[in-house]
Amino acid sequence: MTLLLNIDVPDVESGVRFYATAFGLQVGRRFGTDFVELLGWPAKVYLLTKQAGTIGAGGDRRRYERHWTPVHADIVVDDVDAAVERAVGAGAKLEAPAKDTSYGRIAMLADPFGHGFCLLQFNERGYDALLESTA
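Thresholds, definitions, all that
- In this numbering scheme, every chain counts its residues from 1 along its sequence in written order.
- Residues qualify for local features only when their pLDDT is at least 70, as the model is predicted, and side-chain atom pairs are given and counted only at 80 or more; totals for whole chains, interfaces and linings, by contrast, use all residues.
- No hydrogens and no water enter the side-chain calculation; it runs on all heavy atoms of the structure.
- Strands here are runs of E lasting at least two residues and helices are runs of H or I lasting at least four, both read from the DSSP assignment and numbered beginning at the N terminus.
- Residue exposure (1.4 Å probe, protein chains only): buried if accessible area is under 20% of the type maximum, exposed if over 50%, otherwise partly exposed.
- The term polar contact refers here to a pair of N or O atoms within 3.5 Å; inside protein, the definition further demands a hydrogen-donor-capable atom paired with an acceptor-capable atom, and it admits residues adjacent in sequence only when both atoms are side-chain atoms.
- Residues are treated as being in contact if the distance between any of their heavy atoms lies within 4.5 Å.
- Definition of nonpolar core: a set of buried residues of the types Ala, Val, Leu, Ile, Met, Phe, Trp, Tyr and Cys, connected through side-chain atoms within 4.5 Å.
- By definition, two strands form a pair when at least two bridges between them are found by DSSP.
- In this analysis, axes come from line fits to C-alpha atoms, helices being fitted only over the stretch in contact, and the angle between any two N-to-C directions falls in the range 0 to 180 degrees.
- In this description, one arc is meant: the one made by directions from the helix axis to the C-beta atoms.

Explain the side chain of histidine 115 to me, and be specific about the residues and the numbers.
Its place among the elements puts histidine 115 in the loop between strand 7 (104-110) and strand 8 (116-122). For histidine 115, a relative accessible area of 19% gives the class buried. Within the local environment of histidine 115, its side chain forms a polar contact with the backbone oxygen of aspartate 8, the two atoms lying 2.7 Å apart. Side-chain polar atoms of histidine 115 contact the side chain of histidine 67, separated by 3.3 Å. Excluding anything up to four places from it in sequence, histidine 115 contacts Ile7, Asp8, Tyr64, Arg66, His67, Leu109 and Ala110.

See the structure below:
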């Protein structure tokens, strides 16, 4: 099995600029003007132009202001604070500043299109620290 990450954006080029600047992703292939493959993460990322107001899954209308979704990306980085600075500089909105947890350091953000994501820097124990606290 292979995981692909598809992200709807109102404009592919603004999506490419954000994800390239914030995370160092690079354009792999272009499928016309409204569909781009980004490379640089373990999973390929596909940006798809979908206009605001068009119908998405479950009959819900697409919107690009901040919205809730039950699925979001956790992007594991070596330095959360540097990654937050880079993402915010690229246009992300910081929603919860980086904080220390038993498993590492985490910050919550949203991209310019309203999609939430977390930046996560694991410590040496990672999620195993959660197992230790429940034992």
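Got a sec to walk through the nonpolar core? Specific residues and values, please.
Phe18, Tyr19, Phe23, Phe117 and Leu119 are the most contacted members of the largest nonpolar core, which has 27 residues in total. For this core, the secondary-structure elements that each account for two or more residues are strand 1 (4-9), helix 1 (12-23), strand 3 (35-39), strand 4 (44-49), helix 2 (80-90), strand 7 and strand 8.

Lay out the sheet that holds strand 3 in plain terms, naming residues and giving numbers.
One open sheet accounts for four strands, arranged 1-4-3-2; its pairing is mixed. Both edges of this open sheet fall to strand 1 and strand 2 (26-30), since each of them pairs with a single strand only. If you compare each strand with its neighbour and ignore which way they point, the axes differ by 30 degrees on average. Pairing between strand 1 and strand 4: six bridges, direction parallel. What sits directly across from valine 9, in strand 4, is threonine 49. Seen against the sheet, helix 1 touches strand 1, strand 2, strand 3 and strand 4 and runs at an angle of roughly 150 degrees to strand 4.

Talk me through helix 2; I want residue IDs and the actual numbers.
What sets the pattern is the α-helix's 3.6 residues per turn: residues three or four places apart point alike. For helix 2, the set of buried residues is Val80, Ala83, Val84, Ala87 and Ala90. Down the axis of helix 2, the smallest arc covering the buried residues is 130 degrees, so these residues share one side. When the buried face of helix 2 is taken as reference, the exposed residues oriented beyond 90 degrees from it are Glu85 and Gly89. Residues of helix 2 that are buried make contact with helix 1, strand 6 (93-100), strand 7 and strand 8. Between a side-chain oxygen at the N-terminus of helix 2 and the backbone nitrogen of aspartate 81 the separation is 3.1 Å; the capping residue is aspartate 79. Directly beyond the C-terminal end of helix 2, a positive phi value near 120 degrees is found at glycine 91.

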